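A structural walkthrough
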Amino acid sequence: MRHVRSISELGRDRILGLLNLADRMAEINSRPVPKVPALRGRTVVSLFYEDSTRTRLSFETAARRLSADTMNFSVSSSSVNKGESLRDTVETITDMGVDAFVVRHKSAGVPWQIAQWTTAAVINAGDGAHQHPTQALLDAYTITRSRNSQDLAGLRVAIVGDIRHSRVARSNVEAFTALGAEVLLVAPPTLLPPVVSHWPVEVVHDFDSVVDSVDVLYMLRLQAERMNQGLVPSLAEYSTHYGLTPRRVARMSVDAQVMHPGPMNRGVEMVVDPAEIRGSLIHRQVTNGVAVRMAVLFDSLAVEPDHSALREEAR
Ligand code: NCD
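Criteria and cut-off values
- Residues numbered from 1 in each chain as written.
- Predicted model: local features only at pLDDT ≥ 70, side-chain atom pairs only at ≥ 80, totals over all residues.
- Heavy atoms only, no water.
- Buried < 20%, exposed > 50% of the residue type's maximum accessible area, 1.4 Å probe, protein only.
- Helix = DSSP H or I, 4+ residues; strand = E, 2+ residues; numbered from the N terminus.
- Right-handed = clockwise from strand over helix to strand, strands pointing away.
- Pairing = 2+ DSSP bridges.
- Domains from an automatic or database assignment.
- Contact = heavy atoms within 4.5 Å.
- Buried area = accessible area lost by both parts, 1.4 Å probe.
- Axes fitted to C-alpha atoms, helices over the stretch in contact; angles between N-to-C directions.
- Near = heavy atom within 4 Å.
- Polar contact = N/O pair within 3.5 Å; in protein donor to acceptor, adjacent residues only side chain to side chain.
- Areas by Shrake-Rupley, 256 points an atom, 1.4 Å probe, with all protein chains shown as cover.
- Nonpolar A, V, L, I, M, F, W, Y, C, P; charged D, E, K, R; others polar.
- Parallel < 35°, antiparallel > 145°, perpendicular 65-115°, else oblique.
- Left-handed = near helix turned anticlockwise from the far one by under 90°.

Next up on the list: the pairing of strand β5 (residues 156-160). In terms of burial, β5 is a largely internal element, five of the five residues being buried. Burial along β5 is two-sided: the face carrying Arg156, Ala158 and Val160 and the face carrying Val157 and Ile159 are both buried. The β-α-β motif built from β5, the intervening helix α6 (residues 167-178) and the parallel element strand β6 (residues 182-186) has right-handed crossover chirality. When β5 meets strand β8 (residues 216-219), the two strands line up parallel, connected through four bridges. From the neighbouring strand, Val157 faces β8, where its bridge partner is Val216.

Our next topic: the domain arrangement of the protein. For the protein, the assigned domains are domain 1 (7-130 + 286-311) and domain 2 (133-281). Distance between the C-alpha centres of domain 1 and domain 2: 26 Å. With 29 residues of domain 1 at the interface, the matching set in domain 2 holds 28 residues. Contact between domain 1 and domain 2 buries roughly 2300 Å² in total, counting both sides, with carbon and sulfur atoms accounting for 58%.

This part is about the sheet that holds β5. Pairing is parallel in the open sheet, where five strands are placed in the order β7-β6-β5-β8-β9. Edge positions in the sheet fall to β7 (202-204) and β9 (257-259), since each has one partner strand and no second. Sheet twist, expressed as the average angle between the axes of neighbouring strands with direction ignored, equals 20 degrees. On the sheet, helix α5 (residues 133-146) packs against β8 and β9 and is oriented at approximately 165 degrees with respect to β9.

The next thing to look at is the site of the ligand. The full set of residues close to the ligand is Arg54, Thr55, Arg104, His132, Gln135, Arg167, Val168, Arg221, Gln223, Pro261, Gly262 and Pro263. Contact distances for the ligand include 2.9 Å between an oxygen atom and a side-chain N or O atom of Thr55. For the ligand, whose unbound accessible area comes to 310 Å², protein coverage reaches 95%. Counting residues per element, the ones that place at least two in the shell around the ligand are α2 (54-65) and α6. Of the residues contributing to the shell around the ligand, the split by class is three nonpolar, five polar and four charged. Of the residues that make up the shell around the ligand, three or more belong to each of domain 1 (7-130 + 286-311) and domain 2 (133-281).

Geometrically, the link from Gly262 to Pro263 is a cis peptide bond, its omega value of -10 degrees lying close to zero. We note that Asn148 has phi near 50 degrees; this positive angle belongs to a residue other than glycine. Residue classification places Asn148 among the exposed residues on the basis of a relative accessible area of 74%.

Another aspect to go through is the packing of helix α3 (residues 86-95) against helix α4 (residues 110-117). Orientation of α3 relative to α4, taken along the N-to-C sense of each, is 50 degrees, at an axis distance of 9 Å. Classed by the angle they form, the pair α3 and α4 counts as oblique. As for the relative orientation of α3 and α4, their crossing is right-handed in sense. The segment α3 lies against α4, with Leu86, Arg87, Val90, Glu91 and Thr94 engaging Val110, Gln113, Ile114 and Trp117. Classifying every residue of the contact of α3 with α4 gives five nonpolar, two polar and two charged.

The structure is reproduced here in structure tokens:
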């Protein structure tokens, strides 16, 4: 079963294969009718136990462009409120005959648990502060394709902000380094994981000391909902030291790029309006997210190994 649960489980070759497949999907998305029958008859269920706008809609759009049927499980109106366990929910949906679960959950490791209870493919759409592999794939895709390259060799990428609570940071560190980038983590000590010494990164506390020497600034949301009190003195102080301000944007090198996974906290980590940053890739991240998730769903679910279903338009 081709699960997509973490970047390390994928490894460099499968990452590169998925990025190449995403090029095919981006071509489909540029057609007047952006839809192919590749996953006709397959069913993808979104199982989101945490709030989400872009990830859930991005997966649903991706599934529909490949003609899969989609089911949407919403915790607020489900039997979870009658005390049904995650296992019973997964087994019930599996009995209906689904082919993939797209899962978001506040606890790390849930996609691995679910894989033990179902025969369907499991795609991790974010588990606690652990992994968010499709975000990392779409970010790697966005950087490489904006530079007409296949990998990230020679690039210096700074991930800035609340690393401690960020599954995006964990997946991106693995994906970016697997593709050859040099990764810097820029954060106050309180917003770093307790142990980062084994991570393949350089840790920096002074944002201003690196802002002019990086190729990509990857800004993270300050995750107030995961934060116990006291990790930052105040939002204003956080912004002063770690926010992307107009003054810092002015110091970036001319071809440096800015990314953010969304949702953004304007005035906290994004003090400058991203529309005013020449090198902003933030809109491209969202657009590319659909193509990359199409690649992931196709790779996990397609029966035709020759990819011929990608050529034909859906009728
Ligand atoms: C991220 C997430 O939920 O992990 N957002 C996303 O998927 N686009 C990052 C975040 O919430 O800060």
